[in-house]
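Chain and residue survey
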Amino acid sequence: MDKNLLLYFTILITVECSKNLGKVCDLVTDDLLKQCYIRETLVSISHSPNQLAVNKNTNTVYFSFDSGQGEYIPAAVQIESKKVTVLKGVKDAFAVTNDPLISEMYFGGSNGIYKYNPAQQTLKRLAVKNLDIWWLFFKKIIYFIRFPSLNAYCYHDRLVKPVTPLTNVTVNQFVFDNDDNIFFINGTGLFGIKNGQSDIILLRDSPRFLGMAANNKGHVYLCSENEIFVISKMIQKVKKIVNIPGVLGMTFDKDNNLIYSDSREIVRLLPISNSYLKL
């Protein structure tokens, strides 16, 4: 990376220390087990895309930012120290996910998919050609969405195959829950496909969902223009938990705290329980 781009990045990002001491609430939640959240800004940054991922071993958030030169540059912020690192060698890293078992990270964009090992600091481009990656998700193997077709595929043993239940379906984003049910969003709503079945079930046609992520327990969260939702596992009911405008992407730290990005910053939500507020 040239010195001008590093200088641009240094000016662009402002790392803020947490200012939460003494606070009681920043955001009220509809979650019955929690009264509210405290917002902790991890990094201030412009033009972060709508996918984040956390290396649970180091509690580090991986993301990318618009360099201003028509390319997304990957970066990482360590949650406790707020230290930001720019990663070199990956070209146009729009999408990101991780393998939680071995803490490897995957980046995708107009140049295919890269695998990055943070501990060894090794980078490898996977053997996939002519792929422009819109979305990445890891569950035992790599799943991705191609651009501009917005069709879902998986990569395994150096082969690219369609995700069978999603063949010829337009998919903006998709995840698996802990029962291997598939949930996906597109311009017409939120849909689900039960594990082992092929029927596509419409769960909600409004609001317009912009992003989704599965937490550490495999529960599926979604964001719209003004709200964050969770899908109830028992009856697959979509329930609002908090009002937050402008959310672009979501992930979860090692303690299952929700982290989100908007057009200005990456924020962690720290829950305050009802029992704590009653002390």
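Placed above this text is the structure.
Starting afresh in each chain, residues are numbered from 1 along the sequence in its written order. In keeping with the model being predicted, local features are shown solely for residues with a pLDDT of at least 70 and side-chain atom pairs are shown and tallied solely at 80 or more, while totals for entire chains, interfaces and linings include all residues. No hydrogens and no water enter the side-chain calculation; it runs on all heavy atoms of the structure.

Time to look at the side chain of Glu-40. Secondary structure is summarised from DSSP: a helix means a run of H or I of at least four residues, a strand means a run of E of at least two, and numbering begins at the N terminus for each. One can find Glu-40 in strand β2 (residues 34-44). A polar side-chain atom of Glu-40 sits 2.9 Å from a polar atom in the side chain of Lys-82. Here a polar contact is taken to be a pair of N or O atoms separated by no more than 3.5 Å, where protein atoms must pair a possible hydrogen donor with a possible acceptor and residues adjacent in sequence count only if both atoms sit in side chains.

Let us now look at the sheet that holds strand β15 (residues 173-176). Spatially, β15-β16-β17-β18 is the arrangement adopted by the four strands of the open sheet, whose pairing is antiparallel. The open sheet terminates on both sides in strands that have one partner only, identified here as β15 and β18 (201-204). Taking the axes of each pair of neighbouring strands and ignoring which way they run, one obtains an average angle of 25 degrees across the sheet. Only strands joined by at least two bridges in the DSSP assignment are considered to pair. Inspection of the sheet shows strand β17 (residues 189-193) paired to β18 by three bridges, in the antiparallel sense. Within β18, the position partnered with Gly-192 by the bridge is Ile-201. Interaxial angle, 0 to 180 degrees, is taken between N-to-C directions of lines fitted to C-alpha atoms, where a helix line uses only the stretch in contact.

Definition of nonpolar core: a set of buried residues of the types Ala, Val, Leu, Ile, Met, Phe, Trp, Tyr and Cys, connected through side-chain atoms within 4.5 Å. Burial classes follow relative accessibility: with a 1.4 Å probe on protein chains only, a residue under 20% of its type's maximum area counts as buried, one over 50% as exposed, and anything between as partly exposed. Grouped together as the largest cluster of nonpolar side chains are 29 residues, with contacts concentrated most on Tyr-143, Leu-166, Phe-174, Phe-184, Leu-190, Met-212 and Leu-222. Looking at this core, the elements that each hand over two or more residues are β11 (133-139), β12 (141-146), β13 (152-156), β15, β16 (182-186), β17, β20 (220-223) and β21 (227-231). Whether two residues are in contact is decided by their heavy atoms: any pair within 4.5 Å suffices. Excluding residues that lie within four positions of it along the chain, Phe-184 makes contacts with Leu-166, Val-169, Thr-170, Val-171, Gln-173, Phe-174, Gly-189, Leu-190, Phe-191, Ile-193, Ile-200 and Met-212. Residues Tyr-37, Ile-228, Ile-241 and Tyr-260 belong to the second largest nonpolar core, which totals 17 residues.

This part takes up the pairing of β12. The element β12 is largely enclosed, with a buried count of five among its six residues. Both β11 and β12 contribute to a ladder of six bridges, which runs antiparallel. Opposite Phe-137, over in β12, you have Tyr-143 as the bridge partner. The antiparallel pairing of β11 with β12 creates a hairpin that spans one residue between the two strands, and Lys-140 there sits at a positive phi of about 70 degrees. Judged from the four bridges that link them, β12 and β13 form a sheet pairing that is antiparallel. Residue pairing for β13: Tyr-143 is matched across the bridge by Cys-154.

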